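# A structural walkthrough
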Amino acid sequence: MLSANDVIDQLQALRSKQPVKYTAFYSSQLGGIVTDPALMVIPFDDHMVHRGHGIFDTAGIVDGKIYDLEAHLDRFLRSAQRSKLKLPGSLEQMRDIIVRTTAASGRRDGSIRYWLSSGPGSLDLMPAAGAEPGFFVMIFPGLVYPETFRTQGVRVMTTTYPIKPPLYAITKTTNYLPNVLMQMEAKEAGFDNGVFIDHDGHVGESSNMNVAFVSKDDVLMHPKFDHILSGCTSLRLIELAQKLVAHGLLKDVAVAHVTRDAALAAKEMLLIGSSVRVAGIVRWDAHTIGSGKPGPVAAALLQLLEEDMRSGDRLTDVPY
Ligand SMILES: Cc1ncc(COP(=O)(O)O)c(C=O)c1O
């Protein structure tokens, strides 16, 4: 039998065995922010833990500002509504908690991940009677990808795992089992990541990133968002890419179903997301994409995105 102090000691021992770089965590259940990773905990009977009844989103911190927070919060609200999750407060209150947790972390570059759960109180299928929604915010360094993603490009495989049905793919729930299995399968087969293809043969998305293509006639083609997550980065780049149309690097930008065959014939294939930003895909299964090197549109889109992250009009100040 353990005392409360023994539990704290054990949680700290766990963290010292496996150090993590989580610099601040807010929990509505704790009623505030903690900075000791050992205390960044959630009750086991929270519906998000044992039934996967929770949603999340992730926004980036760039040079001490939060990038595109409103788009990420909008998607969070849509995910909450589809998952029948109650909000813990107003949008303004959630935004304020996110900003204040970021400030408490002191981190000026990294990621903010935040979750909404339907709360603890039973092990039932239905949320427990009287369960209060849980809101959690974690500040961490962000996902890190090898430098070769930029210099040499990324290799992907068509996953053997079925794509999520549209309702679950467009909702950012904590049910990422297909995404996890796809990534593990790809690594085991010597690739960097996987790509879902839908039941009609249309290209879907990768594990935690969208994919897009530059067709032979220089059109930036992005799969429709009705069967994949509406990536905030993709949506922003679809707007910013108009600058490349104006400069003649692209002829047009289109959001449409993309068949695997059309995709394989592309000049460039791109991975897009808050964590990877923009990376060129150079190999898909046994096929070489384009020249086999990251292409000019990937580089130009990355530059546009990074400019937008540093000096665009989608930055939220953090009162460090
Ligand atoms: C399944 C999936 N697709 C696409 C994305 C890209 O979305 P974003 O650009 O908002 O990071 C993510 C990341 O959140 C994801 O998890």
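Scroll up a little and you will see the structure.
Residues numbered from 1 in each chain as written. Predicted model: local features only at pLDDT ≥ 70, side-chain atom pairs only at ≥ 80, totals over all residues. Heavy atoms only, no water.

### Focus: the pairing of strand β7 (residues 154–158)
Spelled out, the test is: Accessibility here uses a 1.4 Å probe with only protein chains present; expressed as a share of the type maximum, an area under 20% marks a residue as buried, one over 50% as exposed, and anything in between as partly exposed. To qualify as a helix, a DSSP run of H or I must reach at least 4 residues; to qualify as a strand, a run of E must reach at least 2; elements of each kind are numbered from the N terminus. Any two strands are treated as partners once DSSP identifies two or more bridges connecting them.
Buried residues dominate β7, accounting for four of its five residues. Direction of pairing for β7 relative to strand β13 (residues 277–284): parallel, over a ladder of three bridges. Note that in β13 the partner of R155 across the bridge is R283. Direction of pairing for β7 relative to strand β8 (residues 193–195): parallel, over a ladder of three bridges. Residue pairing for β8: T158 is matched across the bridge by V195.

### Topic: the site of the ligand
Our working rule: Neighbouring residues are identified by heavy atoms, a residue being near a molecule or strand if any of them is within 4 Å of it. N or O atoms within 3.5 Å of each other form a polar contact, as long as, within protein, one can give a hydrogen and the other can take it, and as long as residues adjacent in sequence are counted only when both atoms are side-chain atoms. Per-residue and other accessible areas follow the Shrake-Rupley method at a 1.4 Å probe size, with only the shown protein chains counted as cover for residues.
As a structural note, the neighbourhood of the ligand is formed by 16 residues, with K172, Y176, E205, T233 and S274 the closest of them. For the ligand, a nitrogen atom lies 2.7 Å from a polar atom in the side chain of E205. Against a free-state accessible area of 380 Å², the protein chains account for coverage of 95% of the ligand. Counting residues per element, the ones that place at least two in the shell around the ligand are α3 (69–82) and α8 (232–240).

### Things to note about the nonpolar core
Rules: What we call a nonpolar core is a set of buried Ala, Val, Leu, Ile, Met, Phe, Trp, Tyr and Cys residues that are connected through their side-chain atoms within 4.5 Å.
With 25 residues, the main nonpolar core has L220, L237, L244, L250, L270, V278 and L301 as its most contacted residues. Broken down by secondary-structure element, the contributors of at least two residues to this core are β9 (210–214), α8, β12 (268–273) and α11 (296–311). Here this core gets eight residues from one element, more than from any other, and that element is α11. Core analysis: the next-biggest nonpolar cluster, separate from the first, contains 23 residues, A24, I97, I112 and L116 among them.

### Quick look at the pairing of β13
The side chains of a regular strand alternate, first on one face of the sheet and then on the other. Counted residue by residue, β13 has seven buried out of eight residues, so it is predominantly covered. When β12 meets β13, the two strands line up antiparallel, connected through five bridges. Bridging from a neighbouring strand, L271 pairs with A279 of β13. Hairpin connection between β13 and strand β14 (residues 287–288): a loop of two residues separates the two successive antiparallel strands, and D285 in this loop has a positive phi of roughly 50°.

### Some points on the side chain of K164
Quick note on the threshold: Charge counting follows a simple rule: Lys and Arg are positive, Asp and Glu are negative, and His as well as the terminal groups are ignored. In what follows, salt bridge is the name for a side-chain nitrogen of Lys or Arg lying within 4 Å of a carboxyl oxygen of Asp or Glu. We call two residues contacting when some pair of their heavy atoms lies within 4.5 Å.
Topologically, K164 is positioned in the loop between β7 and α6 (166–169). One buried charged residue, K164, remains without a salt bridge, the closest side chain of opposite sign being E205 at 6.3 Å. Side chain to side chain, K164 and N179 meet in a polar contact 3.1 Å long. In this structure, K164 is in contact with A169, N175, Y176, P178 and N179, ignoring residues within four places of it in sequence.

### Points about the packing of aromatic side chains
Definition in use: Only centres within 6.5 Å qualify two rings of Phe, Tyr or Trp (six-membered ring in Trp) as a pair; their planes then separate them into stacked at under 30 degrees, edge-to-face at over 60, and tilted for everything else. The criterion for a charge sitting over a ring is simple: Lys NZ or Arg CZ within 6 Å of the ring centre, and within 35 degrees of the ring normal.
Within the structure shown, the criterion is met by seven aromatic pairs. Note on F25 and F136: the rings are 6.2 Å apart at their centroids and 10° apart in plane angle, and the pair reads as stacked. One end of the pair, F25, is in strand β1 (residues 24–27); the other, F136, is in strand β6 (residues 134–140), and 111 residues separate them in sequence. Judged by its relative accessible area of 5%, F25 falls in the buried class. Looking at F136, the relative accessible area reads 2%, which means it is buried. Directly above the ring of W284 sits R260, whose terminal nitrogen or CZ lies 5.2 Å from the centroid.

### Some thoughts on the sheet that holds strand β2 (residues 32–34)
For clarity, the threshold we go by: Axes here refer to lines fitted to C-alpha atoms; in helices the fit is confined to the stretch in contact. Angles between the N-to-C directions go from 0 to 180 degrees.
On the basis of which strands lie adjacent, the open sheet formed by seven strands has the order β2-β1-β6-β5-β3-β4-β15 and antiparallel pairing. Two strands in the sheet have a free side with no partner beyond their single neighbour: β2 and β15 (315–317). Within the sheet, the average angular offset between the axes of one strand and its neighbour, ignoring direction, is 25°. Bridging between strand β3 (residues 54–62) and strand β4 (residues 65–67) involves three bridges; their strand directions are antiparallel.

### A word on the packing of α3 against helix α4 (residues 91–105)
Formally: To sort the angles, those under 35 degrees are grouped as roughly parallel, those over 145 as roughly antiparallel, those from 65 to 115 as roughly perpendicular, and the leftovers as oblique. Note on convention: near helix rotated counterclockwise from far helix by under a right angle means a left-handed crossing. Clockwise means right-handed. In this count, Pro and Cys sit with the nonpolar residues alongside Ala, Val, Leu, Ile, Met, Phe, Trp and Tyr, while Asp, Glu, Lys and Arg are called charged and the others, Gly among them, polar.
Two numbers describe how α3 lies on α4: the axes approach to 12 Å, and their chain directions differ by 125°. Classified by the interaxial angle, the pair formed by α3 and α4 is oblique. The way α3 lies across α4 gives a crossing that is right-handed. Note on element contacts: α4 touches α3 through L91, M94, R95, I98 and V99, opposite L69, E70, L73, F76 and L77. Class assignment of the residues belonging to the contact of α3 with α4 gives a composition of eight nonpolar, no polar and two charged.

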